[in-house]
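# Close look at the chain arrangement
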Amino acid sequence: MGDGAFSPKIGNMKALLGIVAGAGASYGLYKLLSGGGFKRYKKSVNWALKGGQPGEGSPRPGSLLAKVSGLDVVCLRGERTDAASGDATHQTPGNLRPEHLKMLLACLQTSTSPPDRCRLLLTLGNAAAFTVNQNVIREFEGIPVIGGLLSDPAPEVKAHALNALSNLCMNVENQEQLKVYVPQVLELIEMSSVNSDLQLGALRLLTNLSVTDKHQYLLKDSVTLLLSLLVVCNETLQVQTLKVLVNLSSNPDMMDDIVQAQAPASVMLLFDVQTASAVLLRLLTFAGNLKAWRPSAQVADQLRRKQDCLFRVMLDESSQLHGRLVELLSHPDKELQAQVARVLT
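Every value quoted in this text rests on a predicted model; they were computed, and no experiment measured them.

### Some words on the packing of aromatic side chains
Within a pair of aromatic rings, the relevant descriptors are the distance that separates the centres and the angle that separates the planes. With the rule as written, the count across this model stands at one aromatic pair. On the basis of an interplanar angle of 85° and a centroid distance of 6.4 Å, the ring pair of W293 and F311 is categorised as edge-to-face. One end of the pair, W293, is in the loop between α15 (277–291) and α16 (297–304); the other, F311, is in helix α17 (residues 310–315), with 18 residues separating them in the sequence. Neither W293 nor F311 differs from the other in exposure class; each is buried.

### Digging into helix α19 (residues 334–344)
Looking at α19, one finds that the buried residues are L336, Q339, V340 and V343. Seen along its axis, α19 keeps its buried residues to an arc of 100°; they face one direction. Of the exposed residues in α19, the ones pointing more than 90 degrees away from its buried face are K334 and R342. As for α19, its buried residues are in contact with α15 and α18 (321–328).

### What about the confidence of the model for the protein chain?
Averaged over every residue, the pLDDT of the protein chain is 80; residues scoring 70 or more account for 73%. When the criterion is pLDDT under 50, residues 1–17 qualifies, and its contacts beyond four places in sequence or with other chains add up to 49 contacts.

### Some points on the nonpolar core
Of all hydrophobic cores here, the largest spans 90 residues; its most connected members are I146, I258, F271, L284, F286 and M314. Filtering out sequence-adjacent residues up to four positions away, M314 remains in contact with M268, F271, F286, A287, L290, S319 and L321.

### A short note on the side chain of Q240
With respect to the helices, strands and loops of the structure, Q240 is situated in helix α13 (residues 235–249). Look past the residues within four positions of Q240 in its chain and what remains in contact with it is L200, L203, R204 and T207.

### Description of the environment of L203
Looking at the element boundaries, L203 is found in helix α11 (residues 197–209). Judged by its relative accessible area of 0%, L203 is buried. Sequence separation between L203 and L162 is 41 residues; the distance between their C-alpha atoms is 9.1 Å. Beyond its immediate chain neighbours, meaning those up to four positions away, L203 contacts I189, L226, L229, L237, Q240, T241 and V244.

Scoring rules and cut-offs
- Residues numbered from 1 in each chain as written.
- Predicted model: local features only at pLDDT ≥ 70, side-chain atom pairs only at ≥ 80, totals over all residues.
- Heavy atoms only, no water.
- Phe/Tyr/Trp six-rings, centres within 6.5 Å; stacked < 30°, edge-to-face > 60°.
- Helix = DSSP H or I, 4+ residues; strand = E, 2+ residues; numbered from the N terminus.
- Buried < 20%, exposed > 50% of the residue type's maximum accessible area, 1.4 Å probe, protein only.
- Arc of directions from axis to C-beta.
- Contact = heavy atoms within 4.5 Å.
- pLDDT = per-residue confidence, 0-100.
- Core = buried A, V, L, I, M, F, W, Y, C linked by side-chain atoms within 4.5 Å.

Spelled out as structure tokens, the structure:
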């Protein structure tokens, strides 16, 4: 965190949020508000938000951001918006300048109101969908400021913090700081209500963190938790859970831990024509990754002695997987049929 939080000299937080939500916050007002605050850089930073190349704040093709499937700017499900409200949640993320982000982070440190914290986190989270802003927030030491709110007593604040962190996690440099929150994020998945925004936000964060191999080892003990959630949650969370499992199973170095994990036998029931296509497609990808793993005879024999492990549920000769895959060859979705055929071969 910063050397010392500065207190906004506008008494009403909503007024401050309204300022930020405008077409451009007055730099003079910013100077008035920024009496103390975050640690200054020891080196100069070239802020390229204004006057830069077109699309400079957008994800580049092939970048980590572009690899994260379907994860754009995050807004909590069912949240109401009002275009005329002037609230900071409606500020165009690309229009926020570094001084605005610094001001928002400082206000986040001093605010005690859950609704105001949610608005601040939503604005920061939306801004963090842009690469430039991801770097700015990290340089302003904003990651521990936001990460500290994972312990906030208000569930809605924790959910907004998770969403902001998940967008920040699309930046490889940020992941070095974000990895320390993995145990807390896993605990939130385990302890939160099934199908809650907390679980969804936590899974999104883990999805982004596991896109590359570097930090996947942090999730090697989470496979049982993820499989247990998979068989009881709704379609949205099933898709997000499988994104994590597909990422992990794409790494051969993770396979030993994955196949040894305890797995509910009911996971086989998801290989069914009634399962949503978005879920089934990812489930088949996960199964294909597992089947591509070739254990030695000795390792396979050892795994057969482990009751309820994923190897016995999905890969052993006694598994129901083959029969269920054959049934899915008649699935009406041609793309799914082709995926089933690939897994069977």
